[in-house]
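The chain contents come next:
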Amino acid sequence: MASTIPSHALRHLTLTRPWFSKIRCTTSLASSSEDPHQIFPLNADTGSKTGNNSKSQAFFPKKNQVLELECESLAFKGIGVCKVADSGFVLLCNNALPGERFIGRVSRKKGSYAEVTKLKTLSPHWDFVDAPCEYASYCGGCKTQNLSYEAQLRAKEQQVRELVIHVGKFSDKTPDFAHIMKPIVPCDILFHYRNKMEFSFGSQKWLPKELLHEKLDGNDNYALGLHAPGFFDKILNVDKCLLQSEPANKILATVQDSWKDPELGLSPYNVHSHAGFLKHLVLRTGRDMSTGLPELMVNFVTSSYKPEMLKPLVEKISTIPEVVSIMNNVTTSIGNTSVGEEEYTLYGKTTITESLRGLTFQISANSFFQTNTHQAEVLYKLIEDCAGLRGDASEIVLDLFCGTGTIGLTLAKKAKHVYGYEVVAQAVADANKNAKLNGINNTTFVQGDLNKIDENFGKHFPKPDIVISDPNRPGMHMKLIKFLLKLKAPKIVYVSCNPATCARDIDYLCHGAVEQKIKGCYKLRSIQPVDMFPHTPHIECVCLLELC
Ligand SMILES: C[S@@+](CC[C@H](N)C(=O)[O-])C[C@H]1O[C@@H](n2cnc3c(N)ncnc32)[C@H](O)[C@@H]1O
């Protein structure tokens, strides 16, 4: 029989019971004690209250209670989900991985769930692997580097499946569900896959708990790296990032080597006082189309235009053979943006190039481009397959949220005409430039806010045969859903980077919603998760909907 343990004994905790790795009910159940300083360990055999043979009551944890928990799965943003066995009450813990047993403190209680802060891991998760990156336990970017890649894929696939069932309201009991829900497409490059990384300069270096006693003054407290999770003002100093290309790491190391040199007089921007010069270092990797070798753009984002201050860094970086462009975006905004009000060229070209599905794209400092080029090839091929264009140049494609036009342009060769809509004017200009660059003249890209469409939307293009919709995380606005339900295009290919809003939107398109006064008229043919970003919580999905 397990007993409750006072939290001061936490460091000496020895566990005598075997681990129950196969159980689904995962949360320790509380004794009837109100003492928040007790740890309530797991009783997996029965799911009943520990130390109590009587039938359990539903358990709802209290704030500050210390619990022994087991993580069951990963939810949105890679947050670990634990559940109370009998009540199903959900506890969410950042940095907990499926199968991991840990001690956690309830830090926040909401209506239907609570948040838990992990205090100590008791036993690691089922698929533990050593993280190759030295910053993996601190940096919020690669939350799942400690999970084997197979387990990462399983967790992502399960997340999409549950969202399709619970939010999308598609039953997994129907015979066609197995055909609709496709297995996740893995990414076969697990590191160095990102073509863009944004690092921040800061005046407050983030330190792990064990080093907090170290007093850092002045330049020693400066950092260049990634925001520590949960801190807008603290920067985890990094010398390299395993997600970006090797030449990008060379540039980062060169900047790290010299930017704090007092002789240069460079200061990081302070987000509290708004003083300081250096804000961000953005590194983009493209490809030289003639040699196929990497070419890089370095973008210094600063609070003012002082090229003479950057000169020593520019001189050093420009000796790296892969560097073909050094830009300076100047922003006076006190926000975290890296998009400047003004842009200056400090060295070389103003753009780098990359190719996607046989087309060439010019990428400027601020233009959007899929950040994993290799997997974007895979994603776009899936989109092309779902679109299923006949190839006789007879069909009209509507490319919603078209960005720099990459999807529409890859489809244009088989279509009669592609109409693209996008809110960012610069992206629309890039889309038109990219069309020209690739000799494509059957595309029209229009700037417009798809959250603000009115009854005139749709009057400026013929009825499409295929709609591609690739919104950002919030998904589609109800106005756009209503428009699509009225438009009744034979096919919609919905590309999403947020499976939760994707499930919501396909529910609207397929099942309708009484409260929104909409009637669904589409059938979900397939939903294909794609892993674009190994070790991170992000999941991409390509869904095919056909008119009923
Ligand atoms: C996920 S990206 C997709 C870009 C493009 N389809 C691609 O694959 O490169 C979403 C795009 O939607 C645009 N966007 C966001 N909100 C929008 C809105 N309300 N109206 C139009 N476009 C919007 C963003 O600027 C961004 O370019």
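Residues numbered from 1 in each chain as written. Predicted model: local features only at pLDDT ≥ 70, side-chain atom pairs only at ≥ 80, totals over all residues. Heavy atoms only, no water.

### Points about the pattern of salt bridges
Here is step 1 of the chain: Applying the stated criterion to the full structure yields 23 salt bridges.
Here is step 2 of the chain: Residue Asp507 pairs with Lys169 through a salt bridge whose shortest N-O separation is 2.8 Å. Of this pair, Asp507 sits in helix H9 (residues 499-511) while Lys169 sits in the loop between helix H1 (149-166) and helix H2 (177-180), and the two are 338 residues apart along the sequence.
Here is step 3 of the chain: Between Asp430 and Lys433 there is a salt bridge, with the nearest N and O atoms lying 3.6 Å from each other. With a gap of three residues between them, Asp430 and Lys433 both fall in helix H7 (residues 425-437), about one helical turn apart.
Here is step 4 of the chain: On the basis of relative accessibility, which here comes to 2%, the residue Asp430 falls in the buried class.
Here is step 5 of the chain: Using a relative accessible area of 48% as the deciding quantity, one classes Lys433 as partly exposed.
Here is step 6 of the chain: Put simply, Glu68, Glu70 and Arg101 are held in one network by salt bridges that share partners. (Salt bridge = Lys/Arg side-chain N within 4 Å of Asp/Glu carboxyl O. Helix = DSSP H or I, 4+ residues; strand = E, 2+ residues; numbered from the N terminus. Buried < 20%, exposed > 50% of the residue type's maximum accessible area, 1.4 Å probe, protein only.)

### Looking at the UniProt feature "active site" (unreviewed entry) in the protein chain
Here is step 1 of the chain: This chain's UniProt record puts "active site" (unreviewed entry) on Cys497.
Here is step 2 of the chain: Here Cys497 lies in the loop between strand E22 (491-496) and H9.
Here is step 3 of the chain: For Cys497, the residues in contact, after removing those within four places along its chain, are Pro471, Asn472, Arg473, Ile539 and Glu540. (UniProt positions renumbered as here; feature names shortened; annotations may be inferred. Contact = heavy atoms within 4.5 Å.)

### A closer look at the environment of Tyr344
Here is step 1 of the chain: The residue Tyr344 is located in strand E15 (residues 342-348) in this model.
Here is step 2 of the chain: For the pair Tyr344 and Ile326, spaced 18 residues apart in the sequence, the C-alpha separation amounts to 8.8 Å.
Here is step 3 of the chain: Discounting chain neighbours no more than four positions away, the residues touching Tyr344 are Tyr305, Ile326, Met327, Asn328 and Val330.
Here is step 4 of the chain: Side-chain polar atoms of Tyr344 contact the side chain of Glu342, separated by 2.5 Å. (Polar contact = N/O pair within 3.5 Å; in protein donor to acceptor, adjacent residues only side chain to side chain.)

### Description of the packing of aromatic side chains
Here is step 1 of the chain: Under the defined criterion, the tally for this structure stands at twelve aromatic pairs.
Here is step 2 of the chain: Relative to Trp206, the ring of Tyr138 lies with its centre 5.3 Å away and its plane at 50°, an arrangement referred to as tilted. One end of the pair, Tyr138, is in the loop between strand E8 (113-123) and H1; the other, Trp206, is in the loop between strand E9 (196-202) and strand E10 (223-227), and 68 residues separate them in sequence.
Here is step 3 of the chain: Ring centres 6.2 Å apart and planes at 50° place the aromatic pair Tyr193 and Phe533 in the tilted group. Taken together, the residues span a long stretch of sequence, with Tyr193 in the loop between H2 and E9 and Phe533 in the loop between strand E23 (522-530) and strand E24 (540-547) at a distance of 340 residues. Both residues of the pair, Tyr193 and Phe533, belong to the buried class.
Here is step 4 of the chain: Every member of this aromatic cluster is reached through a ring pair, and the members are Tyr419, Tyr421, Phe457, Phe461 and Phe483.
Here is step 5 of the chain: One cation-aromatic arrangement involves Lys279 over Tyr269; the distance from NZ or CZ to the ring centre is 4.3 Å. (Phe/Tyr/Trp six-rings, centres within 6.5 Å; stacked < 30°, edge-to-face > 60°. Lys NZ or Arg CZ within 6 Å of the ring centre and 35° of its normal.)

### Describing the sheet that holds strand E18 (residues 396-400)
Here is step 1 of the chain: One open sheet holds the seven strands; their spatial order is E20-E19-E18-E21-E22-E24-E23, and the pairing between them is mixed. Edge strands, defined here as strands with exactly one partner in the open sheet, are strand E20 (443-447) and E23. Within the sheet, the average angular offset between the axes of one strand and its neighbour, ignoring direction, is 15°.
Here is step 2 of the chain: The sheet contact formed by E22 and E24 spans six bridges and is antiparallel. Its bridge partner lying in E24, Ile492 is registered against Leu545.
Here is step 3 of the chain: Docked against the sheet, helix H5 (residues 373-387) engages strand E21 (466-469), E22, E23 and E24, running at close to 160° with respect to E22.
Here is step 4 of the chain: Relative to the sheet, helix H8 (residues 478-487) contacts E18, E21, E22 and E23, its axis offset from that of E18 by approximately 170°. (Pairing = 2+ DSSP bridges. Axes fitted to C-alpha atoms, helices over the stretch in contact; angles between N-to-C directions.)

### Comments concerning the site of the ligand
Here is step 1 of the chain: Tyr380, Glu422, Asp449, Leu450 and Asp470 are the nearest of the 18 residues found near the ligand.
Here is step 2 of the chain: In this structure, Gln370 approaches the ligand through a side-chain N or O atom, which is 3.0 Å from an oxygen atom.
Here is step 3 of the chain: Protein chains shield 89% of the accessible area of the ligand, which is 590 Å² for the free molecule.
Here is step 4 of the chain: Grouping the amino acids of the shell around the ligand by side-chain chemistry returns nine nonpolar, six polar and three charged. (Near = heavy atom within 4 Å. Areas by Shrake-Rupley, 256 points an atom, 1.4 Å probe, with all protein chains shown as cover. Nonpolar A, V, L, I, M, F, W, Y, C, P; charged D, E, K, R; others polar.)

### Here we look at the packing of helix H3 (residues 246-258) against helix H4 (residues 307-317)
Here is step 1 of the chain: In contact at an axis separation of 10 Å, H3 and H4 are set at 140° when each is read in the N-to-C sense. Classified by the interaxial angle, the pair formed by H3 and H4 is oblique. Considering the relative orientation of H3 and H4, their crossing is right-handed. Residues Ile251, Thr254, Val255 and Ser258 of H3 pack against Leu313, Lys316 and Ile317 of H4.
Here is step 2 of the chain: In terms of residue class, the contact of H3 with H4 is built from four nonpolar, two polar and one charged. (Parallel < 35°, antiparallel > 145°, perpendicular 65-115°, else oblique. Left-handed = near helix turned anticlockwise from the far one by under 90°.)

### Some remarks on the environment of Ser333
Here is step 1 of the chain: Along the polypeptide, Ser333 turns up in the loop between strand E14 (323-330) and E15.
Here is step 2 of the chain: Take Ser333: its relative accessible area is 26%, and that puts it in the partly exposed class.
Here is step 3 of the chain: Spatially, the C-alpha atoms of Ser333 and His274 are 9.4 Å apart, while their sequence positions differ by 59 residues.
Here is step 4 of the chain: When neighbours within four sequence positions are excluded, Ser333 is seen to be in contact with Tyr269, Lys279 and Glu341.

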